[in-house]
Amino acid sequence: MRILLVEDEAPLRASLLKVLREEGYAVDGAVDGAEGLRKALECDYDVILLDHMMPNMDGREMLRRLRGVKRTPVMMLTARDSIEDRVVGLDLGADDYLVKPFMQQELLARLRALVRRNRPSPGVTITLGDVAIDTVARRVAKAGKEQPITGREYTLLEYLAHRRGAVVTRAELYEHLFDENEDTLSNLLEVHVCNLRRKLGAELIKTRRGLGYVIEEAPEGQAWP
């Protein structure tokens, strides 16, 4: 999943970028609303974390302009906690509102909830044969035994699982799983796919040469919900 973080406070921006990347998210940063709007219009982000008070263009103005073009889920981050401020932000099109200072655990939990609300799914657990993906805890089990997968591996697996039955191109995977600082010509994607096959079974993720990767609707002899 790819996130845009728009935050003018450099220490907080650096801290949040580090936390989110450690969780396996691809994250781009922007220092003000003007840069944030440009990036938000150029790329299809899964979620935007948007600070309220910023120079050049504040969060409200960026959100107002963005909503004229895109419906990307937006979580406002602000030190202003009055009811009026929250109402204005929500009326402009914000999907959630988090008041500073906040705990990292709450930010991550709200982020997961926001993604679930905007991504159709039969439930919090996705079952693929004997592989179970807990989208709340971001954990994966095979035959009932939890598997030690990295944050990036989890993100890749969940992305393909939500699109099972459809071939996902390499370009789309790089767009959603890797941020602007990572080399799209590297073999990182192949490494993560190889690791998932080793941990969860070689037949789970299929390669469609020249096209991309797919988790099929159901392997032969099994039925997936």
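Below you will find a few notes about this structure. (Residues numbered from 1 in each chain as written. Predicted model: local features only at pLDDT ≥ 70, side-chain atom pairs only at ≥ 80, totals over all residues. Heavy atoms only, no water.)

1. Structural notes on unusual backbone geometry
Now for step 1: Each neighbour pair has its own omega, and for Lys100 with Pro101 the value is -10°, a cis peptide bond.
Now for step 2: In this structure, Pro101 sits in the loop between strand 5 (96–99) and helix 5 (104–117).
Now for step 3: One non-glycine residue with positive phi stands out, namely Asn56, at about 70°.
Now for step 4: Its place among the elements puts Asn56 in the loop between strand 3 (47–51) and helix 3 (59–67).
Now for step 5: The phi dihedral of Arg138 falls on the positive side, at around 55°, and the residue is not glycine.
Now for step 6: In this fold, Arg138 is placed in the loop between strand 7 (131–134) and strand 8 (139–142). (Helix = DSSP H or I, 4+ residues; strand = E, 2+ residues; numbered from the N terminus.)

2. A word on the environment of Leu204
Now for step 1: Mapping Leu204 onto the fold places it in the loop between helix 8 (188–200) and strand 11 (206–208).
Now for step 2: The class for Leu204 is buried, based on a relative accessible area of 9%.
Now for step 3: As a C-alpha pair, Leu204 and Leu16 span 188 residues in sequence and 33 Å in three-dimensional space. (Buried < 20%, exposed > 50% of the residue type's maximum accessible area, 1.4 Å probe, protein only.)

3. Observations regarding the sheet that holds strand 6 (residues 125–128)
Now for step 1: Read across the sheet, 4 strands follow the order 6-7-8-9 without closing on themselves; strand pairing throughout is antiparallel. With partners counted over all chains shown, the strands left at the sheet margins are strand 6 and strand 9 (145–147), one partner each. Neighbour-to-neighbour, the strand axes of this sheet turn through a mean angle of 25°, independent of strand direction.
Now for step 2: The pairing of strand 7 with strand 8 spans 4 bridges and is classified as antiparallel. Across the sheet, Val131 pairs through a bridge with Lys142, a residue of strand 8.
Now for step 3: Of the strands in this sheet, strand 6, strand 7 and strand 8 are in contact with helix 6 (residues 151–162), which crosses strand 7 at around 105°.
Now for step 4: The strands that helix 8 touches are strand 7, strand 8 and strand 9; relative to strand 8, the one it contacts most, it runs at about 45°. (Pairing = 2+ DSSP bridges. Axes fitted to C-alpha atoms, helices over the stretch in contact; angles between N-to-C directions. Contact = heavy atoms within 4.5 Å.)

4. Some words on the nonpolar core
Now for step 1: Residues Ile133 and Leu173 are the most contacted members of the largest nonpolar core, which totals 25 residues.
Now for step 2: Breaking this core down by element, the ones donating at least two residues are strand 6, strand 7, helix 6, helix 7 (170–177) and helix 8.
Now for step 3: No other element matches helix 6, which puts 6 residues into this core.
Now for step 4: In terms of nonpolar packing, the next biggest core, distinct from the first, is built from 20 residues, Leu20, Leu108, Leu114 and Val115 among them. (Core = buried A, V, L, I, M, F, W, Y, C linked by side-chain atoms within 4.5 Å.)

5. Re the environment of Arg67
Now for step 1: Tracing the backbone shows Arg67 in helix 3.
Now for step 2: Since its relative accessible area comes to 12%, Arg67 is described here as buried.
Now for step 3: When the C-alpha positions of Arg67 and Ala113 are compared, they lie 21 Å apart, and in sequence the two are 46 residues distant.

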